[in-house]
Amino acid sequence: MCIRESFKGFQYVKITKDENGNYFKEDSIREYVSKCFYIISVMKKTGIGTAIYKYKVPYMSLLDFIDKFKINKDYGEIIDIERYIPEDSA
């Protein structure tokens with residue numbers, strides 16, 4: 001496994017097999033991620049200072065959620081994204 005850099009300037013690692021040496025199956029990956037969600041921390045100025053809001057965002061809504069912050073900076077600034085996996089999915 002080696003770290004590469006894409007034409008967009010981001011680094012990535014290509015992984016083709018799981019920890020058991022099996023090739024990934026698209027249907028299995030989609031089922032797995034459909035159970036995941038993200039806790040997204042957003043910093044926002046309020047009338048009395050600064051607050052941190054934490055949003056629970058399902059996998060399927062992640063990009064839509066992020067896009068809202070790209071369009072309207074008044075929503076706040078994303079400062080952290082944590083992925084959560086239900087225990088029965090691990």
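Everything below is about the structure printed above this text.
Residues numbered from 1 in each chain as written. Predicted model: local features only at pLDDT ≥ 70, side-chain atom pairs only at ≥ 80, totals over all residues. Heavy atoms only, no water.

A. Quick look at the packing of aromatic side chains. Scanning the model with the defined rule gives 5 aromatic pairs in all. Geometrically, the ring pair formed by Tyr53 and Tyr55 is stacked, given 6.5 Å between the ring centres and 20° between the ring planes. Judged by its relative accessible area of 34%, Tyr53 falls in the partly exposed class. An aromatic cluster is built from Tyr53, Tyr55, Phe65, Phe69 and Tyr75, whose rings are joined through pairwise contacts. Above the face of the Phe37 ring, Lys56 is positioned so that its terminal group lies 4.4 Å from the ring centre. (Phe/Tyr/Trp six-rings, centres within 6.5 Å; stacked < 30°, edge-to-face > 60°. Buried < 20%, exposed > 50% of the residue type's maximum accessible area, 1.4 Å probe, protein only. Lys NZ or Arg CZ within 6 Å of the ring centre and 35° of its normal.)

B. Layout of the pattern of salt bridges. All told, the structure shown has 3 salt bridges when counted by the stated rule. As a salt-bridge pair, Glu26 and Arg30 come within 2.9 Å of each other at their nearest N and O atoms. Taken together, the residues Glu26 and Arg30, both in helix H1 (residues 26-34) and 4 residues apart, mark about one turn of the helix. There is no split in this pair, since Glu26 and Arg30 are both exposed. Across the pair Asp67 and Lys70 runs a salt bridge whose closest N-O atoms are separated by 3.6 Å. Here Asp67 and its partner Lys70 are both found in helix H2 (residues 62-71), 3 residues apart, which amounts to about one turn of the helix. (Salt bridge = Lys/Arg side-chain N within 4 Å of Asp/Glu carboxyl O. Helix = DSSP H or I, 4+ residues; strand = E, 2+ residues; numbered from the N terminus.)

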